[in-house]
2 protein chains.
Amino acid sequence: MKKYIEVYEYYKSLIIKGQYQSGDKMPSIRKACEVLSVSKTTVQNAYFELQADGYIISQPQSGYYVTYSAPRKTQSAEPEKVEDKIKYDLKSGDADSESFDLKLWQRYIKSALRQKERMLSYGCAEGEEDLRQVLSHYIRDKRNVETSPDRIIVGAGVQALLSILCVLTKDRKTVSFPTESFVQGISLFESSGYKVRTRYKDADIIYVSPSHMTSYGDVMPIKRRLELVKHSKEIGSLIIEDDFDSDFLYQSKPTPSLYALAGGENVIYMGSFSNVLIPGIRISYMVLTQELAIKFDKMKDCFAQTASKTEQIALCGYIRDGHIASQTRKIRRHYTAKAKQMFGEIKSQIPSAKVRLSENGLAIKLEAEYSGDGSEFEKNGVSVYIYNIDKGVVEMALIPSAVESADIEKAVAVIKATLGAG
Amino acid sequence: MKKYIEVYEYYKSLIIKGQYQSGDKMPSIRKACEVLSVSKTTVQNAYFELQADGYIISQPQSGYYVTYSAPRKTQSAEPEKVEDKIKYDLKSGDADSESFDLKLWQRYIKSALRQKERMLSYGCAEGEEDLRQVLSHYIRDKRNVETSPDRIIVGAGVQALLSILCVLTKDRKTVSFPTESFVQGISLFESSGYKVRTRYKDADIIYVSPSHMTSYGDVMPIKRRLELVKHSKEIGSLIIEDDFDSDFLYQSKPTPSLYALAGGENVIYMGSFSNVLIPGIRISYMVLTQELAIKFDKMKDCFAQTASKTEQIALCGYIRDGHIASQTRKIRRHYTAKAKQMFGEIKSQIPSAKVRLSENGLAIKLEAEYSGDGSEFEKNGVSVYIYNIDKGVVEMALIPSAVESADIEKAVAVIKATLGAG
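The text that follows walks through the structure, step by step, so that each part is easy to find. Treat the numbers as computed from the prediction; the structure is a model and nothing was measured.

This next bit is on the interface of chain A and chain B. Across the contact, 73 residues belong to chain A and 72 residues belong to chain B. In this assembly, chain A packs against chain B so that about 6400 Å² is buried in total across both faces, 51% of it on carbon and sulfur atoms. Its largest share of buried area at the contact with chain B, chain A owes to L113(A), L120(A) and Y122(A), together 11% of the area lost on that side. Taken together, the connections running from chain A to chain B amount to 24 residue pairs in polar contact (both at pLDDT 80 or more). Elements with a minimum of two residues in the side of chain A that touches chain B: α1 (3–16), α3 (40–52), α4 (102–114), α5 (116–119), α6 (129–143), α7 (158–168), α8 (183–191) and α12 (309–320) of chain A. Tallying contributions element by element places α4(A) first for the side of chain A that touches chain B, with eleven residues. Grouping the amino acids of the side of chain A that touches chain B by side-chain chemistry returns 26 nonpolar, 27 polar and 20 charged.

Quick look at the structure:
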């Protein structure tokens, strides 16, 4: 480990433990060199990083002072929120610390920032060209989605892309969602003046996420996909296929995409990298129909790219070098292993419960006797997705991705205790 | 310079010059070590970076091959576009190579990526809390915009933020823009069902950019600002103050913000960092009114953050350490110096033209005799903003930010030749 990082870690831990309190003066650089027997440059670098990370601050002509006071999570004066007491997050679908090699990603970010001439200009509204080329190969290999790069639009998340679609499809009036849970999409279309309905097959626009139909990971079967595509062709509606979870399909080969089944017509194929990489990196993409791509091109001045240019360039290199394929395999193995581990723990600790693994292998559906109202789970420090409590039985979905493998046993113990007490 | 970077630059230049052609096999790592007298690790690192940057690719069990074929700009089979022949870009407002220290920014990005636990979760819809705290101090110091961090929303560009506003202000019906040139804002409001008008003082929402009123940089005078604020309070309309160019105000102190003049009520203050830092970094922010901030908080699940989490964390550190202040000073000096240089060149090379510096010091307004239709400028390799050609006289705006200081003399010579020939 580099010397300055050792010095950094040393002081950081003193600060976090409270041995240096907020407002205390740090040792002068000269003093620190003496005490730790390191060079002045080493201490300067360590102090720089401590400052960049918000632990200390430099007062000119005075020295360095500790600025670290409270954990970043709770800065407001409000009473401690429930979220701060969640020890086992089985709801958010966030990632765990083993899921992604940030150091490797960092090399690509560093490489991207070296391309200074690219940073001097605003990005293309549709996204960086080399990334779109690499994406066209990626989605062809992954999901048989055949398209030229021109039809691919990159964005910082699905909502940013749907926002573009709302502008492009102004001639259409109704949009159908499978449930009421995708509030981000629903509120966007609603505020754009569309009439929003649920499971309405004659809508002008039909939004589906066929690789992730329910919160416990069911997948749209092929029969239903064929019906949907057929009906859509008959009435001329547009399907938005949000394929964000297709990387994790569990057992057999993934079911063909709606896009492929429809021969690439009348279907807008969307995907995202947040699930495969890490939630802090938000890059998504959509494949427009030929007609909408032409419309986008005419109106290009009306749009602005939201995804970070640096991250787009980094992602392009990362995919081109084959890391996305190995990362997908790694993360699939890791998350399905945790789900199986949790499945096993529940079977062992709560034998009376009905439990099954979701079709995409990432989540667990649990049904158990319970006489509470659902609020005790969070009070006991575990967040779960409860979708029904009826006649003394609770049905819930558990997504263990955010919980470290070592904590799964304890998380299940808390659920057991909550069920038992309720 | 690090050894592996020297090796990288060496091979990169051979590839770009065409001495290694696309498909050629690179020297084996062992061979390269011998020839260049460097270690294996050095060559491996250099080859890694060449691969990350798309110049070579590794074929397992075979070796490295050159993949570089054509300049990234023109990949399509279309005839060479006009844009590729623009040698002097006086229109886009892009940056030049001296304007921003990317290496310094890179240190903050690196520091941000080290905060692994933050990367494991999706970002807050409103933006990272520490950044919003730092922003509240920043805008108070810079523009007397006094607000609590809770009311600040971060986004990847102004359009992403206006998109949020469109959802929050659904009860309002009409929006007024100062001209028809801000197509991104206009198309967004239009597609959300608003009635869009120009210079309509009784609109429910009035969008203005008072620090940048015209393409040649005029600033809204204080008298007009006071009228606008007074009238808005009387009829209860909402003002969107897009203050994106206030960092560059030329001569005296910047005119007070509409937000400050209105006592922080009924004005949504917006700003952006793309102009101050570099166009490749797209982070903007807006200060919601108290009422809209409460509404946003209630509807938070409907929104998703677009700005890169990594860049938000980096920007927070960058501002906190005082670099934004020095960068602003540096870039202001640099761009106003170039504008003055161009002003001087025009006075010297084209004495018959009427020329003046814009009020914000960044642009030049030029009026000269000209009998062409405007298209010759791009054909001759210079892009300019022509806003009127009438009776043998052309009026144009020139923004020299994207042109290197050393090229200004030549750029003016091309304009002179085009005017003379036209």
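Read on for the rest.
Residues and elements named next belong to chain B. The geometry of helix α7 (residues 158–168) relative to helix α11 (residues 290–298) is characterised by a closest axis approach of 11 Å and an angle of 90 degrees between their N-to-C directions. Classified by the interaxial angle, the pair formed by α7 and α11 is roughly perpendicular. Along the contact surface, α7 presents I164, L165 and L168, while α11 presents L292, K295 and F296.

Moving on, we get to a positive patch on the surface. Together, K2(A), R107(A), K110(A), K2(B), R107(B) and K110(B) make up a region of like positive charge exposed at the surface. Among the secondary structure elements, those contributing two or more residues to the positive patch are α4 of chain A together with α4 (102–113) of chain B. Here K110(B) is to be found in helix α4. By relative accessible area, K110(B) is classed as partly exposed at 34%.

A word on the packing of α1(A) against α3(A). Residue and element names in this part refer to chain A. Running from N to C, α1 and α3 cross one another at 50 degrees; their axes reach a closest spacing of 8 Å. Regarding the angle of α1 to α3, the classification is oblique. Seen from above, α1 lies across α3 with right-handed handedness. In this structure, α1 uses K3, Y4, V7, Y8, Y11 and K12 to contact α3, whose residues at the interface are T42, N45, A46, Y47, E49 and L50. Split by residue class, the contact of α1 with α3 holds seven nonpolar, two polar and three charged.

All names here are of chain A. This structure, assessed with the given rule, holds 34 salt bridges over all chains. Put simply, K300 and E126 hold a salt bridge, and the shortest N to O gap is 3.2 Å. Placement of the pair is K300 in the loop between α11 (290–298) and α12 and E126 in the loop between α5 and α6, with a sequence separation of 174 residues. Accessibility expressed as a relative area gives 29% for K300, which makes it partly exposed. Owing to a relative accessible area of 11%, E126 belongs among the buried residues under this scheme. With its nearest N and O atoms 3.5 Å apart, the salt bridge here joins K391 to D390. The partly exposed category is assigned to D390, whose relative accessible area is 41%. Beyond isolated ion pairs, a larger network of salt bridges with shared partners links R118, E128 and D130.

Applying the stated criterion to the full structure yields zero disulfides over all chains. Free cysteine C166(A): the closest other cysteine sulfur is in C166(B), separated by 11 Å. Here C166(A) falls in the buried class, since its relative accessible area comes to 2%. This cysteine, C124(B), is not joined by any disulfide, and C316(B) carries the nearest cysteine sulfur, 13 Å off.

About the cut-offs
Residues numbered from 1 in each chain as written. Chains lettered and ligands numbered in written order. Predicted model: local features only at pLDDT ≥ 70, side-chain atom pairs only at ≥ 80, totals over all residues. Heavy atoms only, no water. Contact = heavy atoms within 4.5 Å. Buried area = accessible area lost by both parts, 1.4 Å probe. Polar contact = N/O pair within 3.5 Å; in protein donor to acceptor, adjacent residues only side chain to side chain. Helix = DSSP H or I, 4+ residues; strand = E, 2+ residues; numbered from the N terminus. Nonpolar A, V, L, I, M, F, W, Y, C, P; charged D, E, K, R; others polar. Axes fitted to C-alpha atoms, helices over the stretch in contact; angles between N-to-C directions. Parallel < 35°, antiparallel > 145°, perpendicular 65-115°, else oblique. Patch = residues over 30% accessible without salt bridge, like charges linked within 9 Å, V, L, I, M, F, W, Y side chains within 5 Å. Areas by Shrake-Rupley, 256 points an atom, 1.4 Å probe, with all protein chains shown as cover. Salt bridge = Lys/Arg side-chain N within 4 Å of Asp/Glu carboxyl O. Lys, Arg positive; Asp, Glu negative; His and termini not counted. Charge placed at Lys NZ, Arg CZ, Asp CG, Glu CD. Buried < 20%, exposed > 50% of the residue type's maximum accessible area, 1.4 Å probe, protein only. Left-handed = near helix turned anticlockwise from the far one by under 90°. Disulfide = S-S within 2.5 Å.

Purely geometric numbers; function is a separate question.
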